[in-house]
Structure formats: structure tokens, C-alpha cells
Amino acid sequence: MDTLVSIRVFCQVAELKSFAAAADRLSLSPAMASKHVMQLEQRLSTRLLNRTSRRVGLTEAGQVYFDQVRPMLDQLDEAEAVVSKATVIPRGTLKVSAPVWFANALFAGTLAAYRARYPDVVIDLDLSGRLVNLVEEGFDLALRVSAAPGDGLIARPLAPVLMQLVASPRYLAAAGRPKSVADLNGHAMLKYALYPLRTVTVPGPEGEVALTFKDVLISGNETLLHHAAVAGMGMAVLPRWLMADDLASGRLEPVLPELLTIKAPLMAVYPSRKYLSAKVRTFIDFIAADPLMKQASEGPPPVIDATAAGERKRRNVGA
């Protein structure tokens with residue numbers, strides 16, 4: 001049997017978790033698909049798939065092998081397409097890491113629109129909030145709000161993300177509404193765990209001002225910080241995507257928005273490769289052109305631009 005065909009069959013079975021579905025996708029009989037995988041296992045002298053009457057799953061060795069050969073197949077398809085000028089249909093599992101606060105209706109709409117256009121792509125979205133290692137953990141790309149992508153990675157700007165210091169009316173009524181940057185000293189802060197500084201330097205009308213907040217909650221989950229801010233626990237710096245409805249309804253209020261609105265770039269970050277797979281390329285292009293994503297960036301004119309000032313005040317929001 002052709003080893004390359006066997007590898008393709010194995011990857012399809014691994015992605016679809018079904019011999020029948022993989023065989024149908026590749027115009028093979030289920031028996032022939034099973035023979036291809038068995039031939040590959042014999043060649044490697046190891047079991048790649050666990051098979052039961054109800055499901056098919058990767059073994060530990062199978063996962064390692066899949067993570068290595070899937071990108072190679074993608075690159076081979078892309079190289080052939082470049083030479084033949086053929087159109088490659090995006091397919092397979094797209095493994096993406098993104099910040100926790102991407103769990104919102106707006107981004108869900110973007111994902112639904114992408115899947116409607118590219119139905120052969122399965123999106124595996126990690127919203128754990130941790131900074132993943134794209135290469136070692138087998139991610140195709142990450143969506144990060146950051147001025148710096150990291151060593152050895154390629155970053156493409158997609159859209160600006162507006163961040164604002166906010167608090168609930170209940171909290172501001174009890175603790176006082178700041179009228180100047182200096183008035184922020186001593187206020188209760190709901191702190192993002194990857195940026196756990198108690199003292200923050202921010203620009204003021206007469207130069208930079210050092211502020212010391214009182215930490216009352218530290219978490220790597222922006223959604224929890226958001227709910228805590230609505231509950232009146234303290235102030236928080238949050239993306240407008242996450243709190244647009246709360247600002248519109250008055251459940252949250254921007255604090256000194258003319259001074260403390262931050263614009264940071266949303267980046268698509270991926271390992272440096274000569275050929276991007278069709279699923280990665282189309283996903284990045286789709287998000288960059290999506291009107292919903294641009295709509296999410298609307299808001300008051302930013303005063304702090306994290307792209308320009310990122311070296312002084314660099315931060316990662318999730319991913």
C-alpha cells in the first residue's frame with residue numbers, strides 16, 4: 001500500500017474519530033480505510049488508534065505521530081497547490097488558543113460564519129487563559145492581545161481591541177468617583193493574574209503618575225473579573241467586547257475614559273512556516289475581514305496606544 005495514502009487515511013480517522021466517516025471523505029470503503037491504518041501501525045510497530053464499538057481515539061503514540069505528520073500533509077497540499085495553481089479546500093481540525101473572554105456571543109457569531117463558509121474545518125478552541133507553547137502543544141495558531149508575539153513566532157495584526165478601566169455604579173457611589181488620575185490611588189482593583197503589579201504607571205495631564213491600588217481579587221479568568229466588577233467588588237481593566245452590554249445598560253461605568261482607554265492589537269500568532277495550511281490562512285483572513293470583529297473595536301478614541309507604548313506597558317491578555 002502507498003504509505004502516503006495510509007498517512008492521509010490515519011489523519012482523517014484521527015480527526016473525524018470514525019473509520020466510516022474518513023472512508024466516505026476519501027472515497028474508500030471502511031474495510032480499506034482500516035487496512036491502511038493497520039498497514040501503518042505494522043510499519044511503525046506501534047498502535048496508533050484505540051478502537052471500540054462506539055468510538056475511535058488516538059493512543060499516546062498516535063497523538064505524537066499525528067502532531068508530526070498533519071502539518072507535513074498540510075504543507076504538501078499547499079506546495080502542490082502553489083505549483084498547480086489549484087484551489088485547496090480547507091479541512092481538518094484547526095487548533096486555536098485564545099483569551100478566556102473570547103467566550104462571547106460576538107466571537108461565537110464569527111466562528112459560525114467561518115464554519116458556514118468552510119464546513120470541512122473543525123475548530124478546536126482552547127480558552128484556558130494560559131500562555132500555550134504553540135509548537136510543543138500542537139496548536140495551529142493563537143489569538144493574543146499583545147504588542148510582542150514571542151521568539152520564533154509570526155504575528156499578523158487583525159484588529160484593535162479597546163480596553164477600559166471600569167467599575168459598577170454601586171462601587172463608585174461607595175468608594176468615590178475619581179476626578180483625576182491621582183484619585184485612583186488606594187482603589188480596590190480586580191487584577192488580571194498575568195499582570196499582577198500593585199503599582200502601575202499611567203500617563204496623566206502633567207506627566208506619568210504612579211498609582212498604587214488595593215488588590216482585592218487576582219485571577220487569570222477575565223470573565224470572573226468582569227462579573228466581580230458588575231457585583232461592585234472593585235475596578236477592573238476589561239476589553240469592551242466583554243462588557244459592551246454592561247456599559248450600555250449602566251451596570252458598569254468607564255473610569256476616566258479620556259485618560260485610561262487603551263488600544264491594543266489583536267494578533268494572530270503562529271509558528272514560522274514556509275507554507276500556511278489552507279485552514280489557518282482562511283481563518284486568519286476571515287477574522288481580519290469580518291465586520292463583526294471591526295464592530296467590536298468601536299468605542300471612544302484611545303489615548304494610550306499599546307502598539308506604540310507597548311515596550312513601556314506591555315502585557316498579554318490570555319492565550
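Along each chain, residues carry numbers from 1 onward, in the same order as the chain's sequence is written. Only residues with pLDDT of at least 70 are given local features in this predicted model, and only at 80 or more are side-chain atom pairs given and counted; all residues enter the totals for whole chains, interfaces and linings. Side-chain measures here rest on the full set of heavy atoms in the structure, leaving out hydrogens and waters.

1. Quick notes on the overall build of the protein chain
Turning to step 1, where the next piece is worked out: Only runs of H or I of at least four residues qualify as helices and only runs of E of at least two qualify as strands under DSSP, and these elements are numbered from the N terminus. Counting its regular elements, the protein chain contains 11 helices and 14 strands.
Turning to step 2, where the next piece is worked out: Across the 319 residues of the protein chain, 45% fall into the buried class.
Turning to step 3, where the next piece is worked out: Contacts are assigned to residue pairs with any non-hydrogen atoms lying within 4.5 Å of each other. In the protein chain, once contacts between residues fewer than 6 apart in sequence are set aside, the share between residues at least 24 apart is 76%.
Turning to step 4, where the next piece is worked out: Per-residue accessibility takes into account occlusion by the displayed protein chains alone, with areas from the Shrake-Rupley method and a 1.4 Å probe. Within the structure as shown, the protein chain displays about 15400 Å² of accessible surface, and the carbon and sulfur contribution to it stands at 55%. Throughout, exposure labels follow a simple rule: accessible area from a 1.4 Å probe, protein chains only, divided by the maximum for the residue type, with under 20% read as buried, over 50% as exposed, and the rest as partly exposed.

2. Topic: the packing of aromatic side chains
Turning to step 1, where the next piece is worked out: For Phe, Tyr and Trp, where Trp contributes only its six-membered ring, two rings pair if their centres lie within 6.5 Å, and the inter-plane angle classes them as stacked under 30 degrees, edge-to-face over 60, or tilted in between. Scanning the entire structure with this criterion turns up 9 aromatic pairs.
Turning to step 2, where the next piece is worked out: Their ring planes at 75° and their centres at 4.7 Å tell us that Phe102 and Phe107 sit as a pair that is edge-to-face.
Turning to step 3, where the next piece is worked out: Exposure remark for Phe107: the relative accessible area of 1% places this residue in the buried category.
Turning to step 4, where the next piece is worked out: One aromatic cluster in this structure is built from Trp101, Phe102, Phe107 and Trp241.
Turning to step 5, where the next piece is worked out: The rule for a charge over a ring is simple: NZ of Lys or CZ of Arg within 6 Å of the ring centre, and within 35 degrees of the ring normal. If you follow Lys95 out to its NZ or CZ, it ends over the ring of Phe139, 4.6 Å from the centre.

3. Quick word on the packing of helix α5 (residues 105-117) against helix α9 (residues 278-289)
Turning to step 1, where the next piece is worked out: Axis lines are fitted to C-alpha atoms, over the contacting stretch for helices. Their N-to-C directions set the angle, which ranges from 0 to 180 degrees. Contact geometry of α5 with α9 gives a least axis separation of 11 Å together with a crossing angle of 130°. Between α5 and α9, the interaxial angle falls into the category oblique. Remark: the crossing between α5 and α9 carries right-handed chirality. Contact with α5, carried on its side by Phe107, Thr110, Leu111, Ala113, Tyr114 and Arg117, involves Lys279, Thr282, Phe283, Phe286 and Ile287 of α9 and no other residues of that element.
Turning to step 2, where the next piece is worked out: The class makeup of the residues in the contact of α5 with α9 is 7 nonpolar, 2 polar and 2 charged. Each angle gets one of four labels, with under 35 degrees taken as roughly parallel, over 145 as roughly antiparallel, 65 to 115 as roughly perpendicular, and the rest as oblique. For a crossing to be left-handed, the near helix must be turned anticlockwise from the far one by less than a right angle; the clockwise case is right-handed. The nonpolar class holds Ala, Val, Leu, Ile, Met, Phe, Trp, Tyr, Cys and Pro. Asp, Glu, Lys and Arg form the charged class, and all remaining residues, Gly among them, are polar.

4. Observations regarding the pairing of strand β7 (residues 188-192)
Turning to step 1, where the next piece is worked out: Buried residues dominate β7, accounting for 5 of its 5 residues.
Turning to step 2, where the next piece is worked out: Of the two faces of β7, the one lined by Ala188, Leu190 and Tyr192 and the one lined by Met189 and Lys191 are each fully buried.
Turning to step 3, where the next piece is worked out: Note: two strands are recorded as paired if DSSP finds a minimum of 2 bridges between them. By the bridge criterion, 5 bridges tie β7 to strand β10 (residues 214-219) in an arrangement that is parallel. Counted as the bridge partner of Ala188 is Lys214 from β10.

5. Some thoughts on the packing of helix α1 (residues 3-16) against helix α3 (residues 30-44)
Angle between the axes and distance between the axes: these two values describe a pair of packed helices.
Turning to step 1, where the next piece is worked out: Viewed as axis vectors pointing N to C, α1 and α3 meet at an angle of 110°, and their least axial separation amounts to 8 Å. Compared by their axis directions, α1 and α3 come out roughly perpendicular. In contact with Thr3, Val5, Ser6, Ile7, Val9, Phe10 and Val13 of α1, α3 contributes Ala33, His36, Val37, Gln39, Leu40 and Arg43.
Turning to step 2, where the next piece is worked out: Its residues placed into classes, the contact of α1 with α3 shows 8 nonpolar, 4 polar and 1 charged.

6. Quick word on the environment of Leu26
Turning to step 1, where the next piece is worked out: By secondary structure assignment, the location of Leu26 is in the loop between α2 (19-25) and α3.
Turning to step 2, where the next piece is worked out: With relative accessibility at 29%, the residue Leu26 sits in the partly exposed group.
Turning to step 3, where the next piece is worked out: With 14 residues separating them along the chain, Leu26 and Gln12 place their C-alpha atoms 8.3 Å apart.
Turning to step 4, where the next piece is worked out: Those residues within four positions of Leu26 in sequence are excluded, and the remaining contacts are Arg8, Val9 and Gln12.

7. Quick word on the pattern of salt bridges
Turning to step 1, where the next piece is worked out: Any Lys or Arg side-chain nitrogen found within 4 Å of a carboxyl oxygen on Asp or Glu counts as a salt bridge. One pass over the structure, following the stated rule, counts 6 salt bridges.
Turning to step 2, where the next piece is worked out: The shortest N-O distance in the salt bridge between Lys191 and Asp215 comes to 3.1 Å. With Lys191 in strand β7 and Asp215 in strand β10, this residue pair connects regions lying 24 residues apart in the sequence.
Turning to step 3, where the next piece is worked out: Judged by relative accessible area, which is 24%, Asp215 ranks as partly exposed.

8. Some details on the pairing of strand β3 (residues 92-97)
Turning to step 1, where the next piece is worked out: Within β3, 5 of the 6 residues are buried, leaving the element largely enclosed by the surrounding structure.
Turning to step 2, where the next piece is worked out: Where β3 meets strand β4 (residues 121-126), 6 bridges bridge the pair, whose relative direction is parallel. Each bridged residue has a counterpart across the sheet, and for Lys95 the counterpart in β4 is Asp124.
Turning to step 3, where the next piece is worked out: A clockwise course of the path from the first strand over the helix to the second, judged with the strands pointing away from the viewer, identifies a crossover as right-handed. As for the winding sense of the linkage, the β-α-β connection from β3 through α5 to β4 is right-handed.

The values reported here are purely geometric and, on their own, carry no functional implication.
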